[in-house]
Amino acid sequence: MGDVLAGIHATWEFESDALVIRFDRGNRAPRLFNVLRERRVPHEALASVTLSPGKRGTVVLHAVPRPGADPLMEAAAGQLAENCDPYRLVLPADRETLAEYYRDELRAGVARRSPYTEEPSGDPGLSGAADVTPADRFLVAPPQGPQSFKAYDGKASFDGQSEVTFRWSWTGASSEKWKAGDQFFHVRDLCGVEWRSPDVLDGHLRLVPRGGEPRASQPDRDPASVVFGLGYGPVHLSLPFAASVLAAIRTSDRVPARTAAAPGAVAERIRHLGELHQAGLVTDEEFSAKKAELLAEL
């Protein structure tokens, strides 16, 4: 076990080759931290380490990840509020000297692990020069296990390995989504994830299929997306979800071949399609075409 530095809402442990971040799970901690719990960040996943004044008598240690090293930060794409950044450790200002020591120790570890960091002058590892070379793979593990959250127009589920499911809500989903039916996506057939924070007006989670087929311009009409709203798709659920799916896409077999669907799953989707047909939401022609498409998956 390495040295430990406890801050507000998080604790950093300094291992010889990694930074381990453990998050508090109290009521005052950001709910995203409650979900993340703990993250192990190899030194090679970091670009730089900084120390700066914080708010109301605090200082902030900030470990900056390299581009492409962390699926969570890649999915967030700069949209996280400052207090929800998992790489910031807030400390009382009277611990600034101690924070400087650990900043320098961590910088030295990062410099030893990175062949790209250029030190213009001074002691090795202490200048803070950033390694902005994109990582060729994710170096920080995404949140693990099956995940789900409720969006405004449906429920999004991920089995933690290979399949993402969107099941539409009667009250929120557009007619385009109802006609398309509940959606099932294999990660092999996806090339990316677009997450727009629920804290903005057009928040959504949108899956990007391979092949570049034409898509609806608006997420609320695109069956490969779910849209957020007030109280729907909160950051602490939808962002880890997006990160896990993105990591699965990057590490999956890149060949977009589709395996045969299970007969039970196809039968369930045909049953649901029949309900839409009976309700008048799908025409006879649309029902026949979609049913044939589902049967072709067997």
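Residues numbered from 1 in each chain as written. Predicted model: local features only at pLDDT ≥ 70, side-chain atom pairs only at ≥ 80, totals over all residues. Heavy atoms only, no water.

### Here we look at the sheet that holds strand 6 (residues 58-65)
An order of 5-6-7 is seen for the three strands of this open sheet, with the pairing classed as antiparallel. With partners counted over all chains shown, the strands left at the sheet margins are strand 5 (46-53) and strand 7 (88-92), one partner each. Strand-to-strand twist across the sheet, computed as the mean angle between neighbouring axes with direction ignored, equals 15 degrees. Packed onto the sheet, helix 3 (residues 96-113) meets strand 5, strand 6 and strand 7 and runs at close to 165 degrees relative to strand 5. (Pairing = 2+ DSSP bridges. Helix = DSSP H or I, 4+ residues; strand = E, 2+ residues; numbered from the N terminus. Axes fitted to C-alpha atoms, helices over the stretch in contact; angles between N-to-C directions. Contact = heavy atoms within 4.5 Å.)

### Thoughts on the packing of aromatic side chains
To describe a pair of aromatic rings, you give the distance between the ring centres and the angle between the ring planes. All chains considered together, the criterion is met by 11 aromatic pairs. Measuring from ring centre to ring centre gives 4.6 Å for Phe14 and Tyr102, while their planes differ by 15 degrees; the resulting arrangement is stacked. With Phe14 in strand 2 (residues 10-14) and Tyr102 in helix 3, the pair connects residues that are 88 residues apart, well separated along the chain. Across the pair, Tyr102 and Phe14 agree in class, each one buried. When the ring of Tyr101 is compared with that of Tyr102, the centres are 5.0 Å apart and the planes differ by 75 degrees; the resulting orientation is edge-to-face. According to the relative accessible area criterion, Tyr102 is buried, its value standing at 9%. Through a chain of ring-to-ring contacts, the aromatic side chains of Trp12, Phe14, Tyr101 and Tyr102 assemble into a single cluster. (Phe/Tyr/Trp six-rings, centres within 6.5 Å; stacked < 30°, edge-to-face > 60°. Buried < 20%, exposed > 50% of the residue type's maximum accessible area, 1.4 Å probe, protein only.)

### Some remarks on the confidence of the model for the protein
Detailed reading of predicted coordinates is not advised where the pLDDT is low. Mean pLDDT over the protein: 88, with 89% of residues reaching 70 or higher. Scored below 50 in pLDDT, residues 117-128 shows 23 contacts in the model against residues more than four places distant or in partner chains. Between residues 253-257, whose pLDDT stays under 50, and residues either more than four places distant or in other chains, the model counts nine contacts. (pLDDT = per-residue confidence, 0-100.)

### Thoughts on the nonpolar core
Residues Trp12, Leu61, Leu205, Val226 and Leu239 are the most contacted members of the largest nonpolar core, which totals 65 residues. With 10 residues, the top contributor of residues to this core is helix 5 (residues 235-251). The contact partners of Val226, leaving out residues within four places of it in the chain, are Phe149, Ala151, Asp153, Ala156, Phe166, Trp168, Lys177, His204 and Leu205. Counting five residues, the second largest nonpolar core, distinct from the first, contains Val266, Leu273, Phe287 and Leu294. (Core = buried A, V, L, I, M, F, W, Y, C linked by side-chain atoms within 4.5 Å.)

### Considering helix 7 (residues 284-295)
Between the first and last C-alpha of helix 7 there are 17 Å, a value that for 12 residues agrees with the 16 Å anticipated at 1.5 Å per step. Restricting attention to buried positions, one finds in helix 7 the residues Phe287, Lys290 and Leu294. Along helix 7, the residues classed as buried sweep out an arc of 75 degrees about the axis, all on the same side. Opposite the packed face of helix 7, turned more than 90 degrees from it, sit the exposed residues Asp284 and Glu285. Summarising the contacts, the buried residues of helix 7 are in contact with helix 4 (175-180) and helix 6 (263-278). (Expected span 1.5 Å × (residues − 1). Arc of directions from axis to C-beta.)

### A short note on the layout of surface pockets
The computed volume of the second largest pocket comes to approximately 420 Å³. Lining the second largest pocket are 16 residues, and of these Lys55, Arg56, Asn83, Arg88 and Val90 sit closest to its centre. Going through the elements one at a time, strand 6 and strand 7 are the ones with two or more residues in the lining of the second largest pocket. Partitioned by chemical class, the residues of the lining of the second largest pocket number six nonpolar, four polar and six charged. (1 Å grid on protein atoms, 1.4 Å probe; cavity = no way out; pocket = protein on both sides within 12 Å on 5 of 7 lines; lining within 4 Å. Points joined across faces, edges and corners; volume = space filled by probe spheres on them. Nonpolar A, V, L, I, M, F, W, Y, C, P; charged D, E, K, R; others polar.)

### Topic: unusual backbone geometry
Its identity is not glycine, yet His9 carries a phi of approximately 75 degrees, on the positive side. On the secondary structure map, His9 appears in the loop between strand 1 (3-6) and strand 2. Not every positive phi belongs to a glycine, and Arg37 is a case in point at roughly 65 degrees. Within the element layout of this structure, Arg37 appears in the loop between helix 1 (31-36) and strand 4 (38-42).

### Here's the deal with helix 5
When the terminal C-alpha atoms of helix 5 are compared, their 24 Å separation across 17 residues agrees well with the 24 Å that a helix rising 1.5 Å per residue should span. The element helix 5 is largely enclosed, with a buried count of 14 among its 17 residues.

### Some remarks on the side chain of Arg210
Within the element layout of this structure, Arg210 appears in the loop between strand 13 (204-209) and strand 14 (225-227). In this structure, Arg210 is buried with no salt-bridge partner, the nearest side chain bearing the opposite charge being Asp189 at 6.2 Å. At a separation of 2.8 Å, a polar atom in the side chain of Arg210 contacts the main-chain carbonyl oxygen of Arg188. (Lys, Arg positive; Asp, Glu negative; His and termini not counted. Salt bridge = Lys/Arg side-chain N within 4 Å of Asp/Glu carboxyl O. Polar contact = N/O pair within 3.5 Å; in protein donor to acceptor, adjacent residues only side chain to side chain.)

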